[in-house]
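So you can see what is in the structure, the chains are spelled out below.
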Amino acid sequence: MATVAKTQPDYTDHSPISKIMSQNWFSNKTGMYTSQHTNINLPTDPFLDIVSHIFSHKHNGKTALIDPVSGFSISYQELEPLVKSLANGLHYHMGVKKGDVVLILLSNSVYYPVVLLSVLYLGAVVTTMNPFSSFSEIKKQTLGLHVNVAFSFLDRGHELDSLGIRPVFVPENGEFDVKKDMFSTFYKLVSCKDDLIKSQNVIRQDDTAAILYSSGTTGASKGVVLTHRNLISGVELFVRFEAFQYEDLPEENVYLAVVPMFHIYGMILFTLGILSLGTKIVVVKSFSIDEMVRCIDRYGVTHFPGVPPLVTALTRARKCASGRNLNSLKQVSCGAAPLSTRTIEEFMHYFPHVDFVQGYGMSESSAVGTRGFNTRDVHNYASAGLLAPNMQAKVVDWVTGLYLPPGKTGELWLRGPAIMKEYLNNVEATSSTIDKDGWLHTGDIVYFDKDGYLHIVDRVKEIIKYKGFQIAPADLEDVLASHPAILDAAVTGARDEEAGEVPVAFVMTKPGAEVSESSIIKFVAKQVAPYKKVRRVIFTNVIPRSAAGKILRRQLKDKLYSRL
């Protein structure tokens with residue numbers, strides 16, 4: 001198994017002063033946008049796996065992962081031996097070999113990265129799921145992948161047994177009593193010191209490393225096949241690139257891991273990229289605003305990667321800090337879904353000392369796409385940032401197919417080393433998403449501004465078509481979010497015989513607020529073009545969102561049609 005890349009990534013041209021290198025970032029002739037950052041030389045060794053790549057990076061980090069509930073921690077000195085021991089145990093005691101698929105059905109845990117890295121080091125394939133997935137969802141995903149080993153907490157054991165999957169129970173808070181039978185298998189695996197026979201585990205960059213399922217917000221969920229090369233690209237073009245843009249000593253930072261590690265965002269950050277930097281990661285099992293605030297103050301958290309609901313909760317906590325200063329924070333970043341302008345401005349008001357960064361990426365792009373960088377320019381805060389190094393883009397009119405220049409709105413296409421290999425066993429979906437020239441058709445409606453910053457408008461399939469006019473739900477949601485009585489809102493289209501579709505708003509009101517449907521409709525009508533007016537308002541107790549914070553519009557439509 002390879003241990004060191006023949007060509008280490010080069011960051012020498014990426015100081016804050018020289019980070020914007022290219023002035024020719026858009027070609028009128030080809031319609032292609034290129035990164036304004038200098039390309040990074042990625043590893044060329046074809047026999048390089050993601051785990052060896054991560055551990056090839058040298059640093060002075062001490063504590064790798066810490067569980068705030070028990071205080072249990074894993075040091076960087078312990079991390080690599082633990083990963084290799086668990087890989088050995090999986091191979092010799094569970095029979096897992098290269099190419100086998102192993103399920104990780106866990107919430108965030110200090111052992112989550114150890115488990116994931118051990119599977120990848122072995123040459124096996126990781127597939128992850130939300131630990132709250134239903135039995136039918138687990139059955140559907142695991143049968144299609146022929147999974148026979150899964151890491152989970154105790155409460156899913158019976159279901160996994162019924163599917164013929166051998167469960168390995170993992171302690172939730174890091175510590176475990178070896179005398180307890182329920183954790184004996186895990187202890188046995190992580191204690192295996194036998195050496196892997198390397199000749200049997202030759203891993204190539206082009207080998208499959210992970211199969212993640214898309215959120216299914218606009219259609220049936222599909223298996224995204226990512227290779228070791230894709231994950232290496234995610235680590236280098238997203239995590240390490242950003243770290244070395246702003247930090248001389250990443251080992252001195254402390255990250256709070258609230259974003260789920262089963263999602264591509266959390267996976268690339270917390271189970272892979274940050275561990276190559278020597279940075280401390282405080283692992284929170286599940287979201288609790290009180291626990292989040294306690295961790296920030298107790299551990300001096302400097303970096304908080306989040307999604308829109310987490311950023312909103314953080315701002316709310318700041319309003320009523322009650323002795324908690326949160327002053328250790330240096331950077332808060334947000335991905336997975338756009339934030340409203342009001343939310344960004346409110347965050348900046350309550351955290352004037354904190355840099356705010358938004359970014360764009362997908363499971364299909366290994367979380368690589370764009371990334372903002374530290375600046376107090378509100379304009380830049382509201383964007384998803386500049387194209388990542390080594391990435392190319394096009395903005396395409398989804399009706400005419402014409403390539404569009406800056407300022408024009410169309411579908412985003414991406415191309416680069418982080419783009420997925422394929423959708424699992426789905427040639428039709430793959431060919432309709434990745435064309436013959438390697439462009440990933442993201443389905444996201446965007447535009448680049450005159451400075452090259454990407455702005456997310458909406459999804460192709462979520463566009464509401466009213467009498468031939470196209471309405472982006474996100475536009476109306478931004479307006480609704482500015483209403484003083486509204487806590488959260490989402491918009492979808494309802495079928496209409498005359499208009500085709502009309503916008504319908506689902507609204508969560510603030511506690512104690514009194515507001516009528518007609519007053520909300522009038523409020524929106526005053527701020528949008530006539531054809532964009534909301535035609536109906538449905539009051540609800542919750543806006544359905546994915547773990548990454550994306551609005552699940554399909555559920556909204558189901559709820560809407562059940563009322564008809």
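Just above, that's the structure.
Here is what the cut-offs are and how they apply
- Residues numbered from 1 in each chain as written.
- Predicted model: local features only at pLDDT ≥ 70, side-chain atom pairs only at ≥ 80, totals over all residues.
- Heavy atoms only, no water.
- Pairing = 2+ DSSP bridges.
- Helix = DSSP H or I, 4+ residues; strand = E, 2+ residues; numbered from the N terminus.
- Phe/Tyr/Trp six-rings, centres within 6.5 Å; stacked < 30°, edge-to-face > 60°.
- Buried < 20%, exposed > 50% of the residue type's maximum accessible area, 1.4 Å probe, protein only.
- Lys NZ or Arg CZ within 6 Å of the ring centre and 35° of its normal.
- Polar contact = N/O pair within 3.5 Å; in protein donor to acceptor, adjacent residues only side chain to side chain.
- Contact = heavy atoms within 4.5 Å.
- Axes fitted to C-alpha atoms, helices over the stretch in contact; angles between N-to-C directions.
- Parallel < 35°, antiparallel > 145°, perpendicular 65-115°, else oblique.
- Left-handed = near helix turned anticlockwise from the far one by under 90°.
- Nonpolar A, V, L, I, M, F, W, Y, C, P; charged D, E, K, R; others polar.
- Salt bridge = Lys/Arg side-chain N within 4 Å of Asp/Glu carboxyl O.

## So, the sheet that holds strand E18 (residues 410-415)
- Taking strand neighbours across the sheet as the criterion, the 5 strands line up as E1-E17-E18-E20-E21 in an open arrangement whose pairing is antiparallel. At either margin of the open sheet sits one strand with a lone partner, and together these are strand E1 (33-34) and strand E21 (454-459).
- By the bridge criterion, 5 bridges tie strand E20 (residues 440-448) to E21 in an arrangement that is antiparallel. The residue bridging Phe448 from the neighbouring strand is Leu454, located in E21.

## Focus on the packing of aromatic side chains
- In this structure the tally under the stated criterion is 8 aromatic pairs.
- On the basis of an interplanar angle of 45 degrees and a centroid distance of 4.6 Å, the ring pair of Phe26 and Tyr33 is categorised as tilted. Tyr33 matches Phe26 in its accessibility class, with the two residues each being buried.
- The interplanar angle of 20 degrees and the centroid separation of 4.2 Å between the aromatic rings of Tyr33 and Phe448 together place this pair among those described as stacked. Of this pair, Tyr33 sits in strand E1 while Phe448 sits in strand E20, placing them 415 residues apart in sequence.
- Three or more aromatic residues joined by ring pairs make a cluster, and in this case those are Trp25, Phe26, Tyr33 and Phe448.
- Over the face of the ring belonging to Tyr423 we find Lys222, whose NZ or CZ atom lies 5.3 Å from the ring centre.

## Here we look at the side chain of Glu477
- Note on placement: Glu477 falls in helix H14 (residues 473-481).
- We classify Glu477 as buried; its relative accessible area is 11%.
- Side-chain polar atoms of Glu477 contact the side chain of Arg553, separated by 2.6 Å.
- Excluding residues that lie within four positions of it along the chain, Glu477 makes contacts with Ala489, Ala490, Val491, Ile551 and Arg553.

## So, the packing of H14 against helix H15 (residues 517-525)
- Contact pair H14 / H15: the axes reach a minimum separation of 10 Å and the direction vectors enclose 115 degrees. What the angle tells us is that H14 and H15 run roughly perpendicular. By crossing handedness, the relation of H14 to H15 is classed as right-handed. The segment H14 lies against H15, with Leu476, Val479 and Leu480 engaging Ile520, Phe523 and Val524.
- Here the residues of the contact of H14 with H15 sort into 6 nonpolar, no polar and no charged.

## Considerations on the environment of Arg545
- When you line up the elements, Arg545 lands in the loop between strand E26 (536-539) and helix H16 (553-562).
- Take Arg545: its relative accessible area is 27%, and that puts it in the partly exposed class.
- Along the chain, Arg545 and Ala490 lie 55 residues apart, while their C-alpha atoms are 10.0 Å from each other.
- Those residues in contact with Arg545 that lie beyond four places of it in its chain are Pro309, Asp488, Ala489, Lys550, Ile551 and Leu552.
- For Arg545, the side chain forms a polar contact with the side chain of Asp488, separated by 2.8 Å.

## Considerations on the pattern of salt bridges
- Inspection of every chain in the model, using the stated rule, returns 15 salt bridges.
- Lys97 serves as the salt-bridge partner of Asp100, at 3.4 Å between the closest nitrogen and oxygen.
- Its relative accessible area of 21% is what places Asp100 among the partly exposed residues.
- With a shortest N-O distance of 2.9 Å, Arg294 and Glu291 are connected by a salt bridge.

## Brief notes about the pairing of strand E11 (residues 280-283)
- Taken together, the 2 bridges between strand E2 (residues 63-66) and E11 define a ladder with parallel strand orientation. Its bridge partner being in E11, Leu65 is matched across the sheet by Ile281.
- Both strand E10 (residues 254-257) and E11 contribute to a ladder of 4 bridges, which runs parallel. Residue Tyr255 lies in a different strand from E11, and its bridge partner there is Ile281.

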